[in-house]
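# Descriptive structure summary
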Amino acid sequence: MDICKHCQSKSLAANKLVESEIEELEHSCVSVDFLQGEIIFKQDALSSNIIYIRTGLVKVHIKGPDRDQILKIAKGPTYLGIPTTLGDKVNNYSATSLTHVSVCFVDIRTFRHFIENNSEFAYEIILDLCKEELSYYHRCVNQLQKHSAGRVADALLFFADEIYLSKTFNLPLSRSELGDLTGNSRESVSRILAEFNQQQIIQLKGRGIAIINHSLLKEIGKKG
DNA sequence: GCATTAACCACAG
DNA sequence: CTGTGGTTAATGC
(Lines give C-alpha, C1' and ligand atoms only; values in the text may rest on other atoms or scores of the structure.)
Protein backbone atom coordinates (compact mmCIF):
# COMPACT_ATOMS: atom_id res chain seq x y z
CA MET A 1 0.00 0.00 0.00
CA ASP A 2 1.26 3.44 -0.90
CA ILE A 3 -1.34 5.39 0.99
CA CYS A 4 1.16 7.62 2.74
CA LYS A 5 3.51 7.91 -0.18
CA HIS A 6 0.82 9.26 -2.44
CA CYS A 7 -1.16 11.10 0.17
CA GLN A 8 -2.60 14.33 -1.22
CA SER A 9 -2.40 16.16 2.06
CA LYS A 10 1.03 15.27 3.31
CA SER A 11 2.56 17.58 5.89
CA LEU A 12 5.65 19.68 5.23
CA ALA A 13 7.42 17.51 7.73
CA ALA A 14 6.36 14.27 6.09
CA ASN A 15 7.75 15.56 2.82
CA LYS A 16 11.18 15.38 4.41
CA LEU A 17 10.88 11.68 5.09
CA VAL A 18 13.00 9.30 3.06
CA GLU A 19 11.62 6.25 1.29
CA SER A 20 12.23 3.82 4.14
CA GLU A 21 10.64 6.15 6.64
CA ILE A 22 7.54 6.57 4.52
CA GLU A 23 7.29 2.83 4.55
CA GLU A 24 7.61 2.75 8.30
CA LEU A 25 4.89 5.39 8.51
CA GLU A 26 2.57 3.30 6.41
CA HIS A 27 2.93 0.39 8.81
CA SER A 28 2.15 2.40 11.91
CA CYS A 29 -0.45 4.81 10.67
CA VAL A 30 -4.19 4.26 10.76
CA SER A 31 -6.58 6.40 8.78
CA VAL A 32 -10.04 7.11 10.21
CA ASP A 33 -12.96 9.20 9.03
CA PHE A 34 -15.18 11.07 11.45
CA LEU A 35 -18.60 12.53 10.94
CA GLN A 36 -19.51 15.94 12.24
CA GLY A 37 -19.64 16.19 16.02
CA GLU A 38 -17.61 13.11 16.88
CA ILE A 39 -14.89 13.06 19.50
CA ILE A 40 -11.48 12.39 17.97
CA PHE A 41 -9.72 12.26 21.28
CA LYS A 42 -10.92 12.99 24.75
CA GLN A 43 -9.45 14.90 27.63
CA ASP A 44 -8.12 12.65 30.41
CA ALA A 45 -7.97 9.59 28.19
CA LEU A 46 -4.72 7.75 27.58
CA SER A 47 -3.10 8.57 24.29
CA SER A 48 -0.28 7.01 22.34
CA ASN A 49 -0.83 8.51 18.92
CA ILE A 50 -0.04 11.72 17.18
CA ILE A 51 -3.08 12.91 15.30
CA TYR A 52 -2.78 14.27 11.81
CA ILE A 53 -5.83 15.98 10.35
CA ARG A 54 -5.82 15.42 6.60
CA THR A 55 -9.01 17.27 5.81
CA GLY A 56 -11.79 18.90 7.76
CA LEU A 57 -12.35 21.25 10.68
CA VAL A 58 -11.77 20.37 14.30
CA LYS A 59 -12.30 22.17 17.56
CA VAL A 60 -9.74 21.69 20.29
CA HIS A 61 -11.29 22.30 23.68
CA ILE A 62 -10.47 22.03 27.33
CA LYS A 63 -12.68 21.82 30.39
CA GLY A 64 -12.55 24.96 32.48
CA PRO A 65 -13.66 25.34 36.07
CA ASP A 66 -16.92 26.69 34.76
CA ARG A 67 -17.49 26.06 31.08
CA ASP A 68 -15.73 24.50 28.14
CA GLN A 69 -13.11 26.65 26.46
CA ILE A 70 -12.31 26.22 22.80
CA LEU A 71 -8.56 26.59 22.50
CA LYS A 72 -8.53 26.73 18.74
CA ILE A 73 -10.18 25.74 15.53
CA ALA A 74 -7.86 23.62 13.43
CA LYS A 75 -8.14 23.07 9.72
CA GLY A 76 -6.52 20.15 7.96
CA PRO A 77 -3.87 19.48 6.88
CA THR A 78 -2.29 19.88 10.30
CA TYR A 79 -0.88 17.95 13.18
CA LEU A 80 -2.94 17.96 16.34
CA GLY A 81 -2.07 17.06 19.87
CA ILE A 82 1.68 16.86 19.62
CA PRO A 83 2.06 18.77 22.91
CA THR A 84 -0.38 16.60 24.80
CA THR A 85 0.83 13.31 23.35
CA LEU A 86 4.49 13.98 23.97
CA GLY A 87 4.09 16.11 27.07
CA ASP A 88 1.83 13.89 29.13
CA LYS A 89 0.43 10.40 29.28
CA VAL A 90 -3.16 11.55 29.11
CA ASN A 91 -4.78 14.10 26.87
CA ASN A 92 -4.91 17.54 28.41
CA TYR A 93 -7.69 18.54 26.06
CA SER A 94 -10.23 17.10 23.66
CA ALA A 95 -10.70 17.34 19.92
CA THR A 96 -14.12 17.18 18.28
CA SER A 97 -14.89 17.20 14.56
CA LEU A 98 -16.90 20.15 13.23
CA THR A 99 -17.24 18.75 9.75
CA HIS A 100 -16.45 15.47 8.08
CA VAL A 101 -12.87 14.90 9.07
CA SER A 102 -10.28 12.51 7.76
CA VAL A 103 -7.48 11.84 10.21
CA CYS A 104 -4.40 9.66 10.57
CA PHE A 105 -3.30 8.21 13.88
CA VAL A 106 0.46 7.90 13.93
CA ASP A 107 2.05 5.71 16.55
CA ILE A 108 4.07 7.83 18.93
CA ARG A 109 7.09 5.53 18.71
CA THR A 110 7.26 5.96 14.96
CA PHE A 111 6.91 9.69 15.35
CA ARG A 112 9.73 9.72 17.86
CA HIS A 113 11.93 7.72 15.49
CA PHE A 114 11.50 10.35 12.83
CA ILE A 115 12.35 13.15 15.22
CA GLU A 116 15.46 11.33 16.39
CA ASN A 117 16.71 10.27 12.99
CA ASN A 118 15.61 12.93 10.56
CA SER A 119 16.61 16.43 11.51
CA GLU A 120 14.74 18.05 8.64
CA PHE A 121 11.54 16.39 9.78
CA ALA A 122 12.23 17.49 13.34
CA TYR A 123 12.89 21.02 12.23
CA GLU A 124 9.55 21.25 10.42
CA ILE A 125 7.76 19.99 13.50
CA ILE A 126 9.52 22.47 15.76
CA LEU A 127 8.76 25.28 13.35
CA ASP A 128 5.11 24.33 13.49
CA LEU A 129 5.05 24.21 17.27
CA CYS A 130 6.75 27.60 17.45
CA LYS A 131 4.21 29.23 15.19
CA GLU A 132 1.45 27.69 17.24
CA GLU A 133 2.90 29.01 20.44
CA LEU A 134 3.24 32.51 19.05
CA SER A 135 -0.36 32.54 17.93
CA TYR A 136 -1.41 31.35 21.39
CA TYR A 137 0.33 34.33 22.91
CA HIS A 138 -1.59 36.70 20.70
CA ARG A 139 -4.89 35.00 21.33
CA CYS A 140 -4.16 35.05 25.03
CA VAL A 141 -3.73 38.82 25.26
CA ASN A 142 -6.67 39.42 22.99
CA GLN A 143 -8.87 37.15 25.03
CA LEU A 144 -7.90 38.83 28.26
CA GLN A 145 -7.94 42.47 27.23
CA LYS A 146 -10.53 42.88 24.54
CA HIS A 147 -14.20 43.52 25.12
CA SER A 148 -16.74 40.97 24.08
CA ALA A 149 -17.66 42.60 20.77
CA GLY A 150 -13.99 42.78 19.82
CA ARG A 151 -13.52 39.10 20.52
CA VAL A 152 -16.54 38.15 18.45
CA ALA A 153 -15.34 40.40 15.63
CA ASP A 154 -11.96 38.68 15.72
CA ALA A 155 -13.61 35.28 15.59
CA LEU A 156 -15.65 36.23 12.53
CA LEU A 157 -12.56 37.61 10.81
CA PHE A 158 -10.69 34.44 11.68
CA PHE A 159 -13.30 32.28 9.97
CA ALA A 160 -13.50 34.56 6.94
CA ASP A 161 -9.79 35.18 6.46
CA GLU A 162 -8.14 32.03 7.69
CA ILE A 163 -10.63 29.20 7.49
CA TYR A 164 -12.99 29.86 4.59
CA LEU A 165 -11.07 32.54 2.67
CA SER A 166 -14.40 34.11 1.85
CA LYS A 167 -16.62 36.89 3.15
CA THR A 168 -19.58 34.54 3.21
CA PHE A 169 -19.63 31.28 5.07
CA ASN A 170 -21.64 29.12 7.41
CA LEU A 171 -20.47 29.10 10.98
CA PRO A 172 -19.43 25.59 11.97
CA LEU A 173 -20.33 26.43 15.58
CA SER A 174 -23.50 26.95 17.59
CA ARG A 175 -23.95 30.21 19.49
CA SER A 176 -22.95 28.44 22.63
CA GLU A 177 -19.77 27.11 21.05
CA LEU A 178 -18.98 30.54 19.68
CA GLY A 179 -19.28 31.69 23.27
CA ASP A 180 -16.84 28.97 24.34
CA LEU A 181 -14.45 30.14 21.64
CA THR A 182 -14.63 33.84 22.45
CA GLY A 183 -15.06 33.64 26.20
CA ASN A 184 -18.58 35.03 26.12
CA SER A 185 -21.90 33.71 27.32
CA ARG A 186 -24.11 32.38 24.53
CA GLU A 187 -26.55 35.21 25.19
CA SER A 188 -23.86 37.83 24.67
CA VAL A 189 -22.86 36.20 21.40
CA SER A 190 -26.47 36.32 20.20
CA ARG A 191 -26.79 39.96 21.08
CA ILE A 192 -23.47 40.98 19.57
CA LEU A 193 -24.22 39.19 16.32
CA ALA A 194 -27.67 40.79 16.22
CA GLU A 195 -26.06 44.21 16.70
CA PHE A 196 -23.52 43.63 13.94
CA ASN A 197 -26.37 42.59 11.73
CA GLN A 198 -28.42 45.64 12.60
CA GLN A 199 -25.46 47.93 12.00
CA GLN A 200 -24.96 46.41 8.56
CA ILE A 201 -21.53 45.13 9.48
CA ILE A 202 -22.59 41.59 8.70
CA GLN A 203 -25.62 39.91 7.23
CA LEU A 204 -26.90 37.20 9.50
CA LYS A 205 -29.24 34.33 8.87
CA GLY A 206 -28.89 31.55 11.38
CA ARG A 207 -25.39 30.26 11.04
CA GLY A 208 -24.94 31.95 7.70
CA ILE A 209 -22.63 34.94 7.81
CA ALA A 210 -21.86 37.48 5.13
CA ILE A 211 -19.32 40.09 6.07
CA ILE A 212 -20.41 43.40 4.59
CA ASN A 213 -18.12 45.88 6.26
CA HIS A 214 -14.85 44.05 6.61
CA SER A 215 -12.81 47.09 7.57
CA LEU A 216 -15.21 48.17 10.29
CA LEU A 217 -15.20 44.67 11.71
CA LYS A 218 -11.45 44.83 11.73
CA GLU A 219 -11.60 48.16 13.51
CA ILE A 220 -13.87 46.71 16.18
CA GLY A 221 -11.51 43.80 16.62
CA LYS A 222 -8.51 46.08 16.86
CA LYS A 223 -10.02 48.45 19.38
CA GLY A 224 -11.34 45.54 21.41
C1' DG B 1 -24.89 58.36 42.57
C1' DC B 2 -25.39 57.13 37.54
C1' DA B 3 -24.01 54.74 33.30
C1' DT B 4 -22.02 50.85 31.09
C1' DT B 5 -20.80 46.09 30.40
C1' DA B 6 -21.70 41.46 30.49
C1' DA B 7 -23.22 37.32 33.02
C1' DC B 8 -27.14 34.72 34.77
C1' DC B 9 -32.01 33.44 34.73
C1' DA B 10 -36.36 32.54 32.76
C1' DC B 11 -39.25 31.81 29.22
C1' DA B 12 -40.82 31.55 24.32
C1' DG B 13 -40.26 30.03 19.67
C1' DC C 1 -30.74 25.53 19.99
C1' DT C 2 -31.77 30.77 19.77
C1' DG C 3 -33.38 35.24 20.90
C1' DT C 4 -35.01 38.52 24.29
C1' DG C 5 -36.12 40.91 28.40
C1' DG C 6 -35.32 41.60 33.27
C1' DT C 7 -32.01 41.47 36.94
C1' DT C 8 -27.56 41.90 39.04
C1' DA C 9 -22.67 42.64 40.08
C1' DA C 10 -18.52 45.01 38.94
C1' DT C 11 -16.29 49.03 37.24
C1' DG C 12 -15.63 53.77 35.91
C1' DC C 13 -16.74 58.80 35.84
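As a reminder, the structure under discussion sits directly above these lines.
All values derive from a computational prediction rather than experimental measurement. (Residues numbered from 1 in each chain as written. Chains lettered and ligands numbered in written order. Predicted model: local features only at pLDDT ≥ 70, side-chain atom pairs only at ≥ 80, totals over all residues. Heavy atoms only, no water.)

### A word on the sheet that holds strand β9 (residues 168–170)
- Strand order in this open sheet of three strands is β9-β11-β10, and the pairing throughout is antiparallel. Edge positions in the sheet fall to β9 and β10 (202–205), since each has one partner strand and no second. Neighbour-to-neighbour, the strand axes of the sheet open up by a mean angle of 15°, direction not taken into account.
- Bridge count between β10 and strand β11 (residues 208–211): four bridges; the pairing is antiparallel. Looking across to β11, one finds that Gln203 is bridged to Ala210. (Pairing = 2+ DSSP bridges. Helix = DSSP H or I, 4+ residues; strand = E, 2+ residues; numbered from the N terminus. Axes fitted to C-alpha atoms, helices over the stretch in contact; angles between N-to-C directions.)

### Brief notes about the side chain of Asn91
- Among the structural elements, Asn91 can be located in the loop between α2 (82–87) and β7 (94–97).
- When sequence neighbours within four positions are dropped, the list of residues in contact with Asn91 reads Phe41, Lys42, Gln43, Asp44, Ala45, Leu46, Ser47 and Thr84. (Contact = heavy atoms within 4.5 Å.)

### Some thoughts on empty space enclosed by the protein
- The final tally for this structure, using the stated rule, is one cavity of 30 Å³ or more.
- When its volume is computed, the largest cavity comes out at roughly 30 Å³.
- Residue classes in the lining of the largest cavity are distributed as eight nonpolar, no polar and no charged. (1 Å grid on protein atoms, 1.4 Å probe; cavity = no way out; pocket = protein on both sides within 12 Å on 5 of 7 lines; lining within 4 Å. Points joined across faces, edges and corners; volume = space filled by probe spheres on them. Nonpolar A, V, L, I, M, F, W, Y, C, P; charged D, E, K, R; others polar.)

### A closer look at the protein's contact with DNA strand B
- Close to DNA strand B lie Asp66, His147, Ser148, Gly183, Asn184, Ser185, Glu187, Ser188 and Arg191.
- Within 4 Å of the protein, the atoms of DNA strand B are drawn from sugar and phosphate moieties in a proportion of 64%.
- The contact in question runs from a base nitrogen of DNA strand B to an N or O atom on the side chain of Glu187, over 2.9 Å.
- Per element, the largest residue contribution to the surface near DNA strand B is three residues, and it comes from helix α7 (residues 186–198).
- For the surface near DNA strand B, the class distribution of residues is no nonpolar, six polar and three charged. (Near = heavy atom within 4 Å. Polar contact = N/O pair within 3.5 Å; in protein donor to acceptor, adjacent residues only side chain to side chain.)

### Quick look at the side chain of Ser28
- Turning to its location among the elements, Ser28 is positioned in helix α1 (residues 19–28).
- The exposure class of Ser28 is buried, given its relative accessible area of 17%.
- A distance of 2.8 Å separates a polar atom in the side chain of Ser28 from a polar atom in the side chain of Thr110.
- When sequence neighbours within four positions are dropped, the list of residues in contact with Ser28 reads Phe105, Val106, Asp107 and Thr110. (Buried < 20%, exposed > 50% of the residue type's maximum accessible area, 1.4 Å probe, protein only.)

### Quick word on the pattern of salt bridges
- The final tally for this structure, using the stated rule, is seven salt bridges.
- For Lys59, the salt bridge identified is with Glu177, shortest N-O distance 2.9 Å. Of this pair, Lys59 sits in strand β4 (residues 57–63) while Glu177 sits in helix α6 (residues 175–182), and the two are 118 residues apart along the sequence. Here the two residues Lys59 and Glu177 agree in accessibility, since each one is buried.
- As a salt-bridge pair, Glu187 and Arg186 come within 3.5 Å of each other at their nearest N and O atoms. (Salt bridge = Lys/Arg side-chain N within 4 Å of Asp/Glu carboxyl O.)

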